[in-house]
Amino acid sequence: MKIGLFGIGLEAYWEQFEGLKARLEGYLSVVEQKLAAINPQIVNLGLIDTTDKAFEAGAAFRREDVDLIFLYVTTYALSSTVLPVVQRAKAPVIILNLAPEASIDYAAFRQLNDRTKMTGEWLAHCSACPVPEIANVFKRTGIKFQQVTGMLHDDPECWNEVKEWVEAAKVAHILVHNRMGCMGHYYSGMLDIYADLTQHYAHFGGHIELLEVEELASLRRQVTEREIKERVALFREQFDVQSDCSQDELEKAARTSVALDKLVKTYKLGSIAYYYKGTGNIDNEDTINSIILGNSLLTAHGIPVAGEYEIKNAQSMKIMDSFGAGGSFTEYYAVDYKDDVILMGHDGPGHIAIAEGKCKVKPLAVYHGKVGHGLSVEMSVKKGPVTLLSVTEQAGGKLMLLVAEGESVAGPILEIGNTNSRYKFPIGARRFMQEWNSHGPAHHCAVGIGHISSKIHKLGQLLNMDVVRVC
């Protein structure tokens, strides 16, 4: 990802006030260093102080294909030296309204005893002055903008805000370049998960590859015995494989896992949504019945896999994982009103990188509501703060982000070979469910570790999506 950076000033000042330009360029250099510590790819175009330079800067940002622009306001500058940059660059813009110091040194200021020098000193602290003008022009010309207000130095709150904008832009960049594989078909009758794929292109960008289960089944037949043996060994290393798991089922799962990796490599996939009934064709049935362990490995390594062909939730999981929070497939299981917690989880793959301890692999005699039987993953999300995210399709087709923060807490879970955790919310289980459900989400969501709703809100701003926080 590339970040664009430019400062603004007024060319007329440089001859009038000795040393002012160099001083402001020094401030801009500090901003560049701080940004580079967050994201090394910085395109710094320096101080833009004329309209001609503004047009050139806008074209330069377009050539460099920057994902996000930071406009650092160093002193007063004409809005005509700002607008062409942003209009031509066509990238989201963050206004940095940063004072060089916590306050002006008034005593030193009075001792200058020279009104020209005093004016120059004032202009070096005048960063807040043109922000209303810039905001007015952006509003009237239809340019969305964000602001960070604070100090250049010794302001952790301010620079954490900057860091979150950069992290959100990185996730937006990942989504724009992500390739999602959709394999199989919807779970028939789950109307909430049906998705308008063109809306996903409109909101997130990327590419969606429609895949057949037969292709994965064909790749399975090409897997060697050596690859199967190595993958079974990896399973035993990564999972807590229970003693009642048969070697035959482990080898079937290993064969499918290796084939999945090859499918991912062929199509350069960054996420997957899948479901298939798997009847009438033994190859397809074996493929789908043995897919869970391979999907769990992929999910833990940055390629989230959502079952039941839940495309919206594959996006949610990708967002959470791209923020470094994990992102495991989940849904309501039950409510414990006694302890005021909600039990949530799902069958199929789990995000083993955010599990409390090693995930257990257990054999299931039946996949409830689905065809067949085989190995499944049982895990709980690490205890501590969590964030839930749902990509929700609204009436009319527009997508929104629904988010909530809570805690993964200790206590009894349903040990049935699926993912399962206990979640407590600051507004209580009853109100949480009412508030969450009132926005019409699908019954699936993604859960990740940490409280990251502020980052998700920023991502929504960059993607021009509504974000609703329940708690």
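Computed from a predicted model, the values in this text were never measured in an experiment.

Visitor: How would you explain the sheet that holds strand β7 (residues 207-211) if you had to name every residue and give the values?
Guide: Two pairing modes exist for strands in a sheet, parallel and antiparallel, and in both the strands are linked by backbone hydrogen bonds. The parallel open sheet is built from four strands, whose spatial order is β7-β6-β9-β10. Here the strands that pair on one side only, and so sit at the sheet edges, are β7 and β10 (305-306). The sheet contact formed by strand β9 (residues 271-275) and β10 spans two bridges and is parallel. Along β10, the bridge assignment pairs isoleucine 272 with valine 305. Strands in contact with helix α12 (residues 247-267) are β6 (179-184), β7 and β9; relative to β7, the strand with the most contacts, it is inclined by about 135 degrees.

Visitor: Provide a residue-level description of the sheet that holds strand β3 (residues 68-73), including the pertinent values.
Guide: Pairing in this open sheet of five strands is parallel, and the strands run β2-β1-β3-β4-β5 from one edge to the other. The two strands at the open ends of the sheet, each matched to only one other strand, are β2 (42-48) and β5 (145-151). Strand-to-strand twist across the sheet, computed as the mean angle between neighbouring axes with direction ignored, equals 20 degrees. Both β3 and strand β4 (residues 93-99) contribute to a ladder of four bridges, which runs parallel. In the strand pairing of β4, isoleucine 69 is matched with valine 93. Against the sheet, helix α2 (residues 20-38) makes contact with β1 (3-8), β2, β3 and β4, and its axis sits at roughly 165 degrees relative to β2, the strand it touches most. Against the sheet, helix α7 (residues 131-140) contacts β1, β3, β4 and β5, and its axis sits at roughly 170 degrees relative to β4.

Visitor: Any details on the pairing of β1? Residues and values, ideally.
Guide: In terms of residue burial, β1 counts as a mostly covered element, since six of its six residues are buried. Here β1 shows no split at all, with Ile3, Leu5 and Gly7 on one side and Gly4, Phe6 and Ile8 on the other all buried. Examined bridge by bridge, β1 and β3 share six bridges and lie parallel to one another. In the sheet register, glycine 4 faces β3, and the bridge partner there is isoleucine 69.

Visitor: Provide a residue-level description of the packing of helix α10 (residues 213-221) against helix α13 (residues 282-289), including the pertinent values.
Guide: The geometry of a pair of packed helices is captured by two quantities: the angle between their axes and the separation between those axes. Direction vectors running N to C along α10 and α13 enclose 85 degrees, while the axes themselves pass 9 Å from each other. By the angle between their axes, α10 is roughly perpendicular relative to α13. On α13, the residues touching Val213, Glu214, Leu216, Ala217, Arg220 and Arg221 of α10 are Asp283, Asn284, Asp286, Thr287 and Ile288. A breakdown of the residues in the contact of α10 with α13 according to their chemical character gives four nonpolar, two polar and five charged.

Visitor: Outline the packing of aromatic side chains, supporting the account with residue identities and numerical values.
Guide: Here the structure, examined in full by the defined rule, presents nine aromatic pairs. Pairing tyrosine 186 with tyrosine 194 gives two aromatic rings, centres 4.8 Å apart and planes at 45 degrees, and the pair type is tilted. Judged by relative accessible area, which is 24%, tyrosine 186 ranks as partly exposed. With a centroid separation of 4.7 Å and an interplanar angle of 85 degrees, the aromatic rings of tyrosine 186 and tyrosine 309 are classed as edge-to-face. One end of the pair, tyrosine 186, is in the loop between β6 and α9 (197-204); the other, tyrosine 309, is in the loop between β10 and α15 (311-322), with 123 residues separating them in the sequence. Classification of tyrosine 309 as buried rests on a relative accessible area of 7%. Within the aromatic cluster, the residues linked to one another by ring pairs are Tyr186, Tyr194 and Tyr309. Taking NZ or CZ as reference, lysine 34 lies 5.2 Å from the ring centre of tryptophan 159, over its face.

Visitor: Mind laying out α2, listing which residues take part and the relevant values?
Guide: The end-to-end C-alpha distance of α2 is 28 Å, a good match for the 27 Å that 19 residues give at a rise of 1.5 Å each. Taken together, the buried positions of α2 are occupied by Leu20, Leu24, Tyr27, Leu28, Val30, Val31, Leu35 and Ile38. Along the axis of α2, the buried residues cluster in a sector spanning 145 degrees; they form a single face. Exposed residues on α2 whose side chains face more than 90 degrees from its buried face are Ala22, Gln33 and Ala37.

Conventions used here
- Residues numbered from 1 in each chain as written.
- Predicted model: local features only at pLDDT ≥ 70, side-chain atom pairs only at ≥ 80, totals over all residues.
- Heavy atoms only, no water.
- Pairing = 2+ DSSP bridges.
- Helix = DSSP H or I, 4+ residues; strand = E, 2+ residues; numbered from the N terminus.
- Contact = heavy atoms within 4.5 Å.
- Axes fitted to C-alpha atoms, helices over the stretch in contact; angles between N-to-C directions.
- Buried < 20%, exposed > 50% of the residue type's maximum accessible area, 1.4 Å probe, protein only.
- Parallel < 35°, antiparallel > 145°, perpendicular 65-115°, else oblique.
- Nonpolar A, V, L, I, M, F, W, Y, C, P; charged D, E, K, R; others polar.
- Phe/Tyr/Trp six-rings, centres within 6.5 Å; stacked < 30°, edge-to-face > 60°.
- Lys NZ or Arg CZ within 6 Å of the ring centre and 35° of its normal.
- Expected span 1.5 Å × (residues − 1).
- Arc of directions from axis to C-beta.

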